[in-house]
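# Survey of secondary and tertiary structure
Chain by chain, the residues run as shown.
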Amino acid sequence: MRQPLTNYLTVDVEDYFQVAAFERAISPDEWDQHPCRVVANVHTILDLFTAHDVQGTFFIVGWIAERYPDLVLEIERQGHEIGCHSYRHRKIYDLTPEEFRDDTRKAKDILEQIINKPVYGYRAPSYSITQKSLWALDILAELGFRYDSSIFPVYHDNYGIPDAPRFPYLLEKQGLMEYPISTVRFSRLNLPIAGGGYFRLFPYWFTRMALRRINKREQQPFIFYFHPWEIDPEQPRIESAGAKSRFRHYLNLTKTKKRLLRLLGDFRFRPIRLPVNGDGRME
């Protein structure tokens, strides 16, 4: 009997006031004015993962790591992989290459100084490596990253490269592995079903069916993602944000934790963490 595939479990560690949906309502200079909820939410996630004996990759915003280094250490102590999710959570295509390099280097340095080991994985805020920001991949390679998980092969108003490969592949020019956010193929479209707002939007039975289709029909692991604020329905409301942004952010927050528990029971998971050779180098 064929063993079930092991999928990739990822967490984008940012607080509710840092999301791109609220960037017009809250500037980074105002972040310190909002109550932090990410520490408690991440500890809840760690407890859930421990209860289900799973490990994942935590892509952490450098601003968070700088203020809560003990949280980063606790994630790493429990065997999870630490990845980089920028310093100020700004979409890449809104930055110049120099701004992106400086922001990413700062975040990577902070994380590496905390855990005293290299950070090899990167995920862009709002999956903002698109056709107009592919130059960022060269900078990631320059800074010593070994893989990226930012390309979303879908049509969306804020992100996406619709014709990108759907499963992990080598970016030959940069020597990076790309772990694209998972989609399921329906007709001629890639449907996003592996986390975030889509996990909250679709009923759980549909998500499970689509993810099983990736595992069983296509014989591929999927890459699942979510954010700590998505398990926190009691978070403060940002009423000054636009209606569409508020809808996307607050939709079904009361259901996320229960769905996540079902997901952890229905599928097998691991971190992205690249394999290592006997001499300690990444393959």
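Everything below is about the structure printed above this text.
Remember, predicted model here, so these are calculated numbers, not experimental data.

Thresholds applied
Residues numbered from 1 in each chain as written. Predicted model: local features only at pLDDT ≥ 70, side-chain atom pairs only at ≥ 80, totals over all residues. Heavy atoms only, no water. Helix = DSSP H or I, 4+ residues; strand = E, 2+ residues; numbered from the N terminus. Buried < 20%, exposed > 50% of the residue type's maximum accessible area, 1.4 Å probe, protein only. Contact = heavy atoms within 4.5 Å. Phe/Tyr/Trp six-rings, centres within 6.5 Å; stacked < 30°, edge-to-face > 60°. Lys NZ or Arg CZ within 6 Å of the ring centre and 35° of its normal. Pairing = 2+ DSSP bridges. Expected span 1.5 Å × (residues − 1). Core = buried A, V, L, I, M, F, W, Y, C linked by side-chain atoms within 4.5 Å. Polar contact = N/O pair within 3.5 Å; in protein donor to acceptor, adjacent residues only side chain to side chain. Salt bridge = Lys/Arg side-chain N within 4 Å of Asp/Glu carboxyl O.

This part takes up the environment of glycine 195. Relative to the helices and strands, glycine 195 is located in the loop between β9 (189–192) and α6 (196–201). Its relative accessible area of 0% is what places glycine 195 among the buried residues. Each C-alpha atom of the pair glycine 195 and leucine 9 lies 9.8 Å from the other, and the pair is 186 residues apart in sequence. Setting aside anything within four residues of it in sequence, one finds glycine 195 in contact with Phe224 and Tyr225.

Let us look at the packing of aromatic side chains. The way to describe two aromatic rings as a pair is by their centre distance and the angle between their planes. Counted by the stated rule, this structure contains 25 aromatic pairs. A centroid spacing of 6.0 Å and a plane angle of 85 degrees characterise the contact between phenylalanine 100 and tyrosine 122, whose relative ring orientation is edge-to-face. One end of the pair, phenylalanine 100, is in helix α4 (residues 97–115); the other, tyrosine 122, is in strand β4 (residues 121–122), and 22 residues separate them in sequence. Among the aromatic residues, ring-to-ring pairing joins Phe49, Phe58, Phe199, Tyr204, Phe224 and Phe226 into one connected group. Stacked on the ring of tyrosine 87, the Lys or Arg lysine 106 has its end atom at 4.0 Å from the ring centre. Over the ring of tyrosine 93 we find lysine 132; its NZ or CZ atom is 4.3 Å from the centre of that ring.

If you trace the backbone, glycine 79 turns up in the loop between α3 (69–77) and β3 (81–84). The class of glycine 79 is partly exposed, set by a relative accessible area of 21%. Once the C-alpha coordinates of glycine 79 and proline 162 are considered, the two residues, 83 residues apart in sequence, prove to be 34 Å apart. In contact with glycine 79, not counting residues within four places along its chain, are Gln55 and Arg273.

This next bit is on the pairing of strand β10 (residues 223–226). Because side chains alternate across β10, one face comprises the buried residues Ile223 and Tyr225, and the other comprises Phe224 and Phe226, equally buried. In this sheet, β10 lies alongside strand β1 (residues 6–13) in parallel orientation, the contact comprising 4 bridges. Residue pairing across strands places valine 11 opposite phenylalanine 226, the latter belonging to β10.

Across its 13 residues, helix α7 (residues 204–216) extends 18 Å between first and last C-alpha, which sits within 8% of the 18 Å expected from 1.5 Å per residue. Here α7 has its buried residues at Tyr204, Phe206, Thr207, Ala210, Leu211, Ile214 and Asn215. Each element contacted by the buried residues of α7 is listed here: β1, β8 (183–186), β9, α6 and α9 (253–266).

Here we take up the nonpolar core. Counting 84 residues, the largest nonpolar core has Phe58, Ile60 and Phe224 as its most contacted members. Look past the residues within four positions of isoleucine 60 in its chain and what remains in contact with it is Val13, Ala65, Val72, Ile75, Ile82, Gly83, Cys84, His85, Ser86 and Leu111. Tyr8, Tyr147, Ile223 and Leu274 belong to the second largest nonpolar core, which has 7 residues in total.

Moving on, we get to unusual backbone geometry. You will see that asparagine 116, though not glycine, has its phi angle at about 60 degrees, which is positive. Tracing the backbone through its elements, the reader meets asparagine 116 in the loop between α4 and β4.

Checked against the element boundaries, arginine 185 lands in strand β8. For arginine 185, a relative accessible area of 35% corresponds to the partly exposed category. Separated by 50 residues in the primary sequence, arginine 185 and tryptophan 135 place their C-alpha atoms 28 Å from one another. Not counting chain neighbours up to four residues away, the residues in contact with arginine 185 comprise Arg166, Asn190 and Arg213. Here asparagine 190 takes part through its side chain, which lies 2.7 Å from a polar atom of the side chain of arginine 185.

Now for the pattern of salt bridges. Inspection of the entire model under this criterion finds 16 salt bridges. Of the charged contacts in the structure, one is a salt bridge between glutamate 112 and lysine 108, with a shortest N-O distance of 2.6 Å. On the criterion of helical spacing, the pair formed by glutamate 112 and lysine 108 is a turn pair, its members being 4 residues apart in helix α4. The burial state of glutamate 112 is the same as that of lysine 108; both residues are buried. Salt bridges sharing common partners tie together Glu23, Lys91 and Asp94.

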